[in-house]
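These are the residues of each chain, in order.
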There are 2 protein chains.
Amino acid sequence: MTKKRVVIIGGGFAGIHVARRIKNKELEVLLLDKKNHHLFQPLLYQVASAALSPADIAFPLREIFKHYPHTTVLMGEVTKIDKEARKVYLSDAEFSYDYLVVATGATHSYFGNKTWEQYAPGLKTLADALSIRENILVSFEKAERLGDSEEAKKYLNFVVIGGGPTGVEMAGAIAEIAYSTLLKNFRNIQPEKAQVFLLEAAPRILPPYPPALSARAQKDLEKMGVKVLVNTKVVDVVQEGVKTDSSFISAHNIIWAAGNQASALLKALNTPLDRQGRVVVEKDLSLPEHPEVFVIGDAACVMNKKGVPLPAVATAAIQQGSYIGKILNKQIPKEKRKPFKYFDKGSLATIGRAKAVGFIKGFKFAGFFAWIIWAFIHIVYLVGFKNRYAVLLQWYFHYVNGVRGARLIHRSIDP
Amino acid sequence: MTKKRVVIIGGGFAGIHVARRIKNKELEVLLLDKKNHHLFQPLLYQVASAALSPADIAFPLREIFKHYPHTTVLMGEVTKIDKEARKVYLSDAEFSYDYLVVATGATHSYFGNKTWEQYAPGLKTLADALSIRENILVSFEKAERLGDSEEAKKYLNFVVIGGGPTGVEMAGAIAEIAYSTLLKNFRNIQPEKAQVFLLEAAPRILPPYPPALSARAQKDLEKMGVKVLVNTKVVDVVQEGVKTDSSFISAHNIIWAAGNQASALLKALNTPLDRQGRVVVEKDLSLPEHPEVFVIGDAACVMNKKGVPLPAVATAAIQQGSYIGKILNKQIPKEKRKPFKYFDKGSLATIGRAKAVGFIKGFKFAGFFAWIIWAFIHIVYLVGFKNRYAVLLQWYFHYVNGVRGARLIHRSIDP
């Protein structure tokens, strides 16, 4: 008997949860990813802010599936998909499939302004996080060398664009670095001279949250020293700083946390996409007329009961992955598949050390209690025992004495 | 009263131990380093072999000296030293000194063959270690994609050049990765097909160790699958592999652990250097006719009682740093300085998980017991409480189940 082959593109939350569910020996699984690791993206801002090391939140895909002998992991970028021939292509290889799961995630969207990316990097990969980390640390070092000059000030201005959870977490973390972690570390500059701006085009930060929590988050951020500018639209990003509809902010450090767009590979599926480039899927997350092809996670536009697309969060991706994994494991034909149902587990965002806001099923909470729940959930979902301990250890030291242990600069700061 | 200024170039073992000893309020200390962190070099091979993360063995210099208000840390590369004017220069600044301590360490020496470096990187900085780690991991990924072809084999050949402690540790670690860590991780290749070569020009590895320990280390390495080739001189290193005086070994991964040379900045001191470019210092580690200038650590050629230069090891650098720190703290004039005396604490080298060899004051030991001593000493000397716990945790998981937690590839492996 020849086995049927499931090809999964993408080893994020959605992709690994499909593969984990497949234990049927009539199937073989091929998991393809551009990277060799699964990344726990919700904690990526902690790498960018020097609190965690890359290996704390990334786990080799091969290690996750080493006890799944029917599952093969290959590192490589899919360049083409042929739905009719049922094949996917790498630069030097092709694989036919019986079932295809596309879980390629999303990347930053600069809303058509491609030149902005070089000055305002986003935060999606470990390489992004390391480069943001290095820029932040280098800026403080340069400011220390420049002393009290005007130029030094520019290095101490930080702008985060986008007031969603990533923007809020990043702005809070930079404020902690500037006003607390580094307080005793410098002699020529007072780190308090640093200014951290959080820009949001909407009338409040964390727009999908209840207004009371948005207000609480803004108040907490302001207490930490962040200048929160709502109703502020970015009109240009240049090397020297950010131009908004009301002013110009000089800054060497600009971080983009404003927009998402789905991976470009999805165009190869030749099927309707939404405004963010996500595939519009059927109720069973398959493609119209292709019940053997599924698109899940941030790559898919999945509507909730109210006809609103699900948020691009890990819980949605995990649930979709498990749902497809079960369908494939039993090889359920399309007509017998129950529609995917999203179970909303609520939302949580950290603001700083021991501060968070969240809401679950109508209950709102904030402060230390919210942070404890946040920390617990993130530890539980982190892949790998070792990583859990490692992250807990780092958090313990961070919580107790504000240490950010991963403050490493690899490049030279000399011209 | 104007304070006298001590300028220390280099934040390695030697440099930080000078600064730590200076508590005299009549002195101010300026510590200059190209990097922002102190690096625990004895464990660098564990970063290169994916067992530890960079932040586990590196500690921000600013953090080490945050409670030393008279000490300023500046990140920057010294480009010039003027002994007569008593000044050091960065690209954009100059600093005068009353005392100068040069502790700039060493870099790789390719014995005049500059083209070898691009194919056989050495292991001195975190960037070196990360690049070696990435090359090793990428090779296994490429071999998996290439399957059983001839080309796949080349990716599975590893050559370590130099049978000193670094070479022995690196060869042992790669063998562990190939034959144990990755055993269950691949489907298309058998990692056992990997070949690890350790090349040494001398008749035995670990030449400064007693012959019995060299033999033991070689036996242990061979048991782990390493092909140890002694009496083997490298005559050329090219992109395709290593040419020795007896054969050609095809390999994509070549690691240089063979030679040291002192930092090029030392030439600026305009004083006699030895064959490795180290400064020949007086008995108090100062320069002839310049009792206010000291050179210590791997940058200095310091003779022991028998007229043999001290080895380039951390204990020698630490002892020299403390010795100079005391002299400066009390501002002892040259004629009253007691000559530096090296206290030999013995030597230790790890071979693999729970295996090491060492000798202390004529006592030789090997195996698990040597490894426990090795682990204990390295934890004690590691700077920073947090790092100690983090490293112990990683070692625990590594020891218990062979995990190498930092197996991250950041770059794409596609053309």
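What comes next concerns the included structure. Quick caveat: nothing in here was measured; it's all calculated off a predicted structure.

### Considering the overall build of chain A
Then comes step 1: Counting its secondary structure elements, chain A contains 12 helices and 25 strands.
Then comes step 2: Whereas a compact globule of 415 residues would reach a radius of gyration of roughly 22 Å, chain A reaches 22 Å, a difference of no more than 12%.
Then comes step 3: Considered along the principal axes of its C-alpha atoms, chain A spans approximately 75 × 45 × 40 Å.
Then comes step 4: Buried positions account for 57% of the 415 residues belonging to chain A.
Then comes step 5: Nonlocal contacts in chain A, meaning residues at least 24 apart in sequence, comprise 64% of its contacts between residues at least 6 apart.
Then comes step 6: Accessible surface, chain A: about 17700 Å² in total, of which carbon and sulfur atoms supply 54%.
Then comes step 7: Each charge sign in chain A was given a centre, from 55 positive and 37 negative side chains, and these centres are 7 Å apart.

### A short note on the packing of aromatic side chains
Then comes step 1: The tally for this structure, following the rule as stated, stands at 24 aromatic pairs over all chains.
Then comes step 2: Between Phe140 of chain B and Phe158 of chain B, the ring centres sit 5.5 Å apart and the planes meet at 25°, which makes this aromatic pair stacked. Of the two residues, Phe140 of chain B is situated in helix H6 (residues 126-146) and Phe158 of chain B in strand S11 (residues 157-161); the sequence distance between them amounts to 18 residues.
Then comes step 3: When its relative accessible area of 1% is taken as the criterion, Phe158 of chain B is described as buried.
Then comes step 4: Among the aromatic residues, ring-to-ring pairing joins Tyr110, Phe111, Trp116 and Trp256 of chain A into one connected group.
Then comes step 5: In this structure, Lys80 of chain A is placed above the aromatic ring of Tyr89 of chain A, and the distance from its NZ or CZ to the ring centre is 4.5 Å.

### Re the interface of chain B and chain A
Then comes step 1: Each side of the interface is counted separately: chain B has 53 residues, and chain A has 53 residues.
Then comes step 2: Roughly 4900 Å² of surface becomes buried between chain B and chain A when both sides are summed, with 55% attributable to carbon and sulfur atoms.
Then comes step 3: Counting across the chain B and chain A interface gives 8 salt bridges.
Then comes step 4: For Asp92 of chain B, the salt bridge is made with Arg145 of chain A, and the minimal N-O distance between the two is 2.5 Å.
Then comes step 5: Every element with two or more residues in the side of chain B that touches chain A is listed here: helix H3 (54-57), strand S4 (58-60), helix H4 (61-64), strand S5 (71-75), H6 and helix H12 (385-401) of chain B.
Then comes step 6: Per-class residue counts for the side of chain B that touches chain A are 25 nonpolar, 13 polar and 15 charged.

### Re the packing of H6 of chain B against helix H8 (residues 165-181) of chain B
All names here are of chain B.
Then comes step 1: For the pair H6 and H8, interaxial distance at closest approach is 12 Å and the crossing angle is 30°. Considering their axes alone, H6 and H8 lie roughly parallel with respect to each other. Both H6 and H8 take part in a crossing whose hand is right-handed. Facing Ile132, Ile136 and Phe140 of H6, the residues of H8 in contact are Met170, Ile174, Ile177 and Ala178.
Then comes step 2: The residue inventory of the contact of H6 with H8, partitioned by class, reads 7 nonpolar, no polar and no charged.

### Some points on the sheet that holds strand S7 (residues 87-90) of chain A
All names here are of chain A.
Then comes step 1: The strand order S6-S7-S8 describes an open sheet built from 3 strands, whose pairing is antiparallel. Every other strand in the sheet has two partners, leaving strand S6 (80-82) and strand S8 (93-96) as the edge strands with one partner each. Direction aside, the axes of adjacent strands within the sheet are offset by 20° on average.
Then comes step 2: Across 4 bridges, S7 lies against S8 in antiparallel orientation. When the bridges of S8 are listed, Val88 appears paired with Phe95.

Analysis parameters
Residues numbered from 1 in each chain as written. Chains lettered and ligands numbered in written order. Predicted model: local features only at pLDDT ≥ 70, side-chain atom pairs only at ≥ 80, totals over all residues. Heavy atoms only, no water. Helix = DSSP H or I, 4+ residues; strand = E, 2+ residues; numbered from the N terminus. Rg over C-alpha atoms; globule rule 2.2 N^0.38 Å. Buried < 20%, exposed > 50% of the residue type's maximum accessible area, 1.4 Å probe, protein only. Contact = heavy atoms within 4.5 Å. Areas by Shrake-Rupley, 256 points an atom, 1.4 Å probe, with all protein chains shown as cover. Lys, Arg positive; Asp, Glu negative; His and termini not counted. Charge placed at Lys NZ, Arg CZ, Asp CG, Glu CD. Phe/Tyr/Trp six-rings, centres within 6.5 Å; stacked < 30°, edge-to-face > 60°. Lys NZ or Arg CZ within 6 Å of the ring centre and 35° of its normal. Buried area = accessible area lost by both parts, 1.4 Å probe. Salt bridge = Lys/Arg side-chain N within 4 Å of Asp/Glu carboxyl O. Nonpolar A, V, L, I, M, F, W, Y, C, P; charged D, E, K, R; others polar. Axes fitted to C-alpha atoms, helices over the stretch in contact; angles between N-to-C directions. Parallel < 35°, antiparallel > 145°, perpendicular 65-115°, else oblique. Left-handed = near helix turned anticlockwise from the far one by under 90°. Pairing = 2+ DSSP bridges.

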